[in-house]
Amino acid sequence: MKSIDLTQEKVVTLGDLTGAAQADTTELLLGESALVTPSALEFLEQHRISLRRGAQAPAAAQTVTPIAAGPVHDLFTSPEAEAVKEEICHVGRKLWQRAYVDGNGGNISYRIGPNAVISTPTLMSKADLQPQDLCLVDLEGKQLVGGRPRTSEILMHLEIYKEVPEAKAVVHCHPAHATAYAITGRVPPTCVIPEFEVFIGKVALSPYETPGTPEFARTVIPFVKNHNTVLLANHGIVCWADTVTHAEWYAEVVDTYCWTLMLAAQLGTPLSHFASDKAADLLAIKKRLGLPDPRHESKECELCDLPEVPGSIAMQPRPCGLSPSLNRAEIDAIVEAVTDRVVAALNARR
Ligand SMILES: [Zn+2]
């Protein structure tokens, strides 16, 4: 085992490690209160270098970086920040209890100042969070203070904060039913359940990128202004809101909705949708609540997706002017007529 000794460093950065580590390095010795930057921590993980603090402390020992007096200290220890830390820990436990976060998955943050965000740490179960585990980062992801390194996914949260001034809290998690939609590239239909319509409504689907990277963080940018919930392809979901609790509510609402749709699909009968004028009523409520929806500027006839048919979940909005309530026989008649025309066209080519 080859150790490198950085016990004199107060902060260990990626540059410190690349300068000191050799191919056969297996252990890093650190001072009790030294802070390891997220990129340095990732380097340690990639090179399987274990971290040992002080003489007796075990590798995973938790340390709290002393906070120097000043504005950052005042902000991070303010009554508002302490209340937010408690709320984040409470929400973390709710996410874990609902099986929305597996292993150390998921992350939570709150924008407490113009350039200050409270974040959950990397490599911790959300069930075990304590207020002292949380950290403070700036809008570029630089950790300002905190006992543990911030999550690498904070970059996605920060893109949301930069893009949406109303966003104060972000929750990212992997709930099974909504993630099932995300891994099949489907988005749930609209105009089926009023609560979903008001609190979430149209969901966006962002393209896949490697989690934790700046490229992944940027995938949500085109969607978050008009959507408070985004399905992350082959990954999970992200929700933003005015409070951490509300962002977690949206995760519950979207996952339960996806679950209900899956159960309904097993019944083998197409979903019944409510009509566009009822959707307009719900969108009016939504607008009063200040919740985003890309349909706020749409015509009434564009508000609802087409009725579902077996084997298809994500569908385009119904073209304006069509009857809003085709029954099954009418749909069959249309399908038959279209099929006849296609077959006739193919025959005419031969
Ligand atoms: Zn994730």
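Right above here is the structure, for reference.
Conventions used here
Residues numbered from 1 in each chain as written. Predicted model: local features only at pLDDT ≥ 70, side-chain atom pairs only at ≥ 80, totals over all residues. Heavy atoms only, no water. Helix = DSSP H or I, 4+ residues; strand = E, 2+ residues; numbered from the N terminus. Buried < 20%, exposed > 50% of the residue type's maximum accessible area, 1.4 Å probe, protein only. Contact = heavy atoms within 4.5 Å. Areas by Shrake-Rupley, 256 points an atom, 1.4 Å probe, with all protein chains shown as cover. Polar contact = N/O pair within 3.5 Å; in protein donor to acceptor, adjacent residues only side chain to side chain. Core = buried A, V, L, I, M, F, W, Y, C linked by side-chain atoms within 4.5 Å.

(A) Structural context of the overall build of the chain. Secondary structure summary: the chain contains eleven helices and 13 strands in total. Burial statistics for the chain: of 350 residues in total, 47% are counted as buried. Contacts in the chain between residues at least 24 apart in sequence constitute 62% of all its contacts with a sequence separation of at least 6. Total accessible area on the chain is roughly 17,200 Å²; 57% of this is exposed by carbon and sulfur atoms.

(B) The arrangement of the side chain of Thr245 in detail. Relative to the elements of secondary structure, Thr245 occurs in helix α9 (residues 244-266). Here Glu87 takes part through its side chain, which lies 2.6 Å from a polar atom of the side chain of Thr245. Sequence-distant contacts of Thr245, defined by excluding residues within four places in its chain, comprise Glu87 and Val91.

(C) Structural context of the nonpolar core. Counting 45 residues, the largest nonpolar core has Ile88, Leu95, Ile118, Cys173, Ile237 and Val254 as its most contacted members. In terms of residue count, the dominant contributor to this core is α9 (ten residues). Not counting residues within four places of it along the chain, the set of residues in contact with Ile118 comprises Phe76, Ala81, Val84, Lys85, Ile88, Ile108, Ser109, Tyr110, Ile112, Leu134, Cys135 and Leu136. Ala167, Phe216, Val230 and Trp240 belong to the second-largest nonpolar core, a separate cluster that totals 21 residues.

(D) Fine view of unusual backbone geometry. In this structure, Leu123 is a non-glycine residue whose phi angle is positive, near 60°. If you trace the backbone, Leu123 turns up in the loop between β7 (116-119) and β8 (135-137). Phi is positive for Cys191, close to 65°, though the residue is something other than glycine. Summarising the element assignment, Cys191 is placed in the loop between α6 (176-184) and α7 (194-199). Owing to a relative accessible area of 0%, Cys191 belongs among the buried residues under this scheme.

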